[in-house]
Amino acid sequence: MRIGIPKEVKVREGRVALIPPAVAELILHGHEVSIQSGAGVASGYPDEDYKHVGAQILPDAAALYGRAQMLLKVKEPIASEYNLLRKDHILFSYLHLAATPKLAQALKDKGLTAVAFETVEAGGKLPLLAPMSDIAGRLSVHIGTTLLHSHAGGRGVMLGGLPSTERGHVVILGAGVAGGNAAAVAAALGAQVTVFAPHREALERMHALGPNVTALPSYAPLIAEAVYSADLLIGAVLIPGAKSPKLVTAEMVRKMKPGSVIIDISVDQGGCIETIRPTDYEHPTYIQDGVVHFGVTNMPGAVPRTASQALSTVLTPYVLKLAADGGLNDPAIARGVNVAGGKIVHPAVATALAN
């Protein structure tokens, strides 16, 4: 199969779908790989590294899209890329269509096959989403720590505190890969951490992180009480393919402490906090009701080398499956198909877009 890796075009998105050693693996299996010139530079992989392993370097997006049968992207296509897509393309990328109906319509209109990283499912897990959730969870605390500085509009609180001072309070909605990693980093900093999750198994994992972590069920009154005292509120709720439920209302945000910070990792799926809206790394934050909001939709793009290495590791086996004869029938891949034949075929995505 002719596999193409375009350069990402979202604001400050430096990730690349596959690093050179992974490209070498695809070529070893008999596939042709083309990469748009400069696609790996922000991750520390110049064109020469790809050329060295046998990839073709194409000068621009038009040449890349024109050559490829399968497109490997990190982030979903944006409007400037729509006219490059063809009916015979297989698009393999993060898509988050439940929160992007215009993109969903564009892909339907093209008639291509779109497989979303975030809905590929194997053994009840989401293997292609996990590494980026891991990174986003960790980054949420790194970024939140900085946004709490007074010059960034924050309360001027150091999360871990020190002798004679109070500790900062971090509230996390969700205890999956993103929420769990956020909790681990916040706990290691010494913050007071409260994590909400619906199942006892997850609560047990969070409780075991340390004596400064409180794990509670996702009951609305308990969430509200914690939100009002939060210095840093992190949203990390995921329902595969569907929009995130709104667990924090605008009224609750209005009662938060001035200078507190909200980071909603689930903003890609519409967000679990009512006041969140998508932002980018050019303009990452806004202040609403005295609360700093961070809604960047490609958080791992801030650490492109780490993120590209992590993504490439999990992605390569699935690219090989998809590129093989009958690859779309592989059970894990089949669960990831969102668009085919001009229709939304993933049940959760279809339901979300219909509502």
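Counting restarts for each chain, with residues numbered from 1 along the sequence as it is written. Residues qualify for local features only when their pLDDT is at least 70, as the model is predicted, and side-chain atom pairs are given and counted only at 80 or more; totals for whole chains, interfaces and linings, by contrast, use all residues. Each side-chain value is derived from all of the structure's non-hydrogen atoms; neither hydrogens nor water enter the calculation.

J.: It is not clear to me how the overall build of the chain should be interpreted in this structure. Could you clarify?
T.: Working definition: helices are DSSP H or I runs of at least four residues, strands are E runs of at least two. Numbering for both runs from the N terminus. Within the chain, the secondary structure is distributed over 12 helices and 15 strands. Note that the radius of gyration is over C-alpha atoms, with the globule rule given as 2.2 Å times the number of residues to the power 0.38. The globule rule puts the C-alpha radius of gyration for 355 residues at 20 Å, and the 21 Å found for the chain is close to it. Judged by the C-alpha coordinates and their principal axes, the chain covers about 65 × 40 × 35 Å. To sort residues, take the accessible area from a 1.4 Å probe on protein chains only and compare it with the maximum for the residue type: under 20% means buried, over 50% means exposed, and anything in between is partly exposed. For the chain, buried positions account for 54% of its 355 residues. For the chain, the proportion of contacts with a sequence separation of at least 24, taken over those separated by at least 6, is 64%. Only the protein chains shown count as covering a residue, and every accessible area follows the Shrake-Rupley method with a 1.4 Å probe. Carbon and sulfur atoms provide 56% of the accessible area of the chain, an area that totals close to 14,700 Å². The positive count covers Lys and Arg only, the negative count covers Asp and Glu only, and His and the chain ends enter neither. Charge positions are represented by NZ for Lys, CZ for Arg, CG for Asp and CD for Glu. Charged side chains of the chain number 30 positive and 29 negative; the gap between the two group centres comes to 3 Å. Two residues qualify as a contact provided that any one of their heavy atoms is within 4.5 Å of a heavy atom in the partner residue.

J.: Whenever I open this one, the packing of helix α5 (residues 130–147) against helix α6 (residues 177–189) confuses me. Can you help?
T.: Each pair of packed helices can be described by the angle between their axes along with the distance between the axes. Axis definition: a line fitted to C-alpha atoms, over the contacting stretch in the case of helices. Angles run 0 to 180 degrees between N-to-C directions. Where α5 meets α6, the closest approach of the two axes is 7 Å, and the angle between their N-to-C directions is 35°. Classified by chirality, the crossing of α6 by α5 is right-handed. The segment α5 lies against α6, with Ala 130, Ser 133, Asp 134, Gly 137, Arg 138, Ser 140, Val 141, His 142 and Thr 145 engaging Val 177, Ala 178, Asn 181, Ala 182, Val 185, Ala 186 and Leu 189. Take the far helix as the reference: if the near one is turned anticlockwise from it by less than a right angle, the crossing is left-handed, and if turned clockwise, right-handed.

J.: Sorry, what's going on with the pairing of strand β14 (residues 337–340) here?
T.: Looking along a regular strand, one sees side chains alternate from face to face of the sheet. Here strand β6 (residues 113–116) pairs with β14 via two bridges, running antiparallel. Considered in β14, the bridge of Ala 114 is made with Val 339. A pair of strands counts as paired when DSSP detects no fewer than two bridges linking them. Alignment of β14 against strand β15 (residues 343–344), held across two bridges, turns out to be antiparallel. Paired with Val 339 across the strands is Ile 344, a residue of β15.

J.: Please clarify how the environment of Ile 234 should be interpreted in this entry.
T.: Note that Ile 234 resides in strand β10 (residues 232–235). Linking Ile 234 and Asp 289, residues 55 residues apart in sequence, is a C-alpha distance of 17 Å. Setting aside residues up to four positions removed in sequence, Ile 234 forms contacts with Ser 140, Val 141, Val 170, Val 171, Ile 172, Leu 173, Ala 182, Ile 263 and Ile 265.

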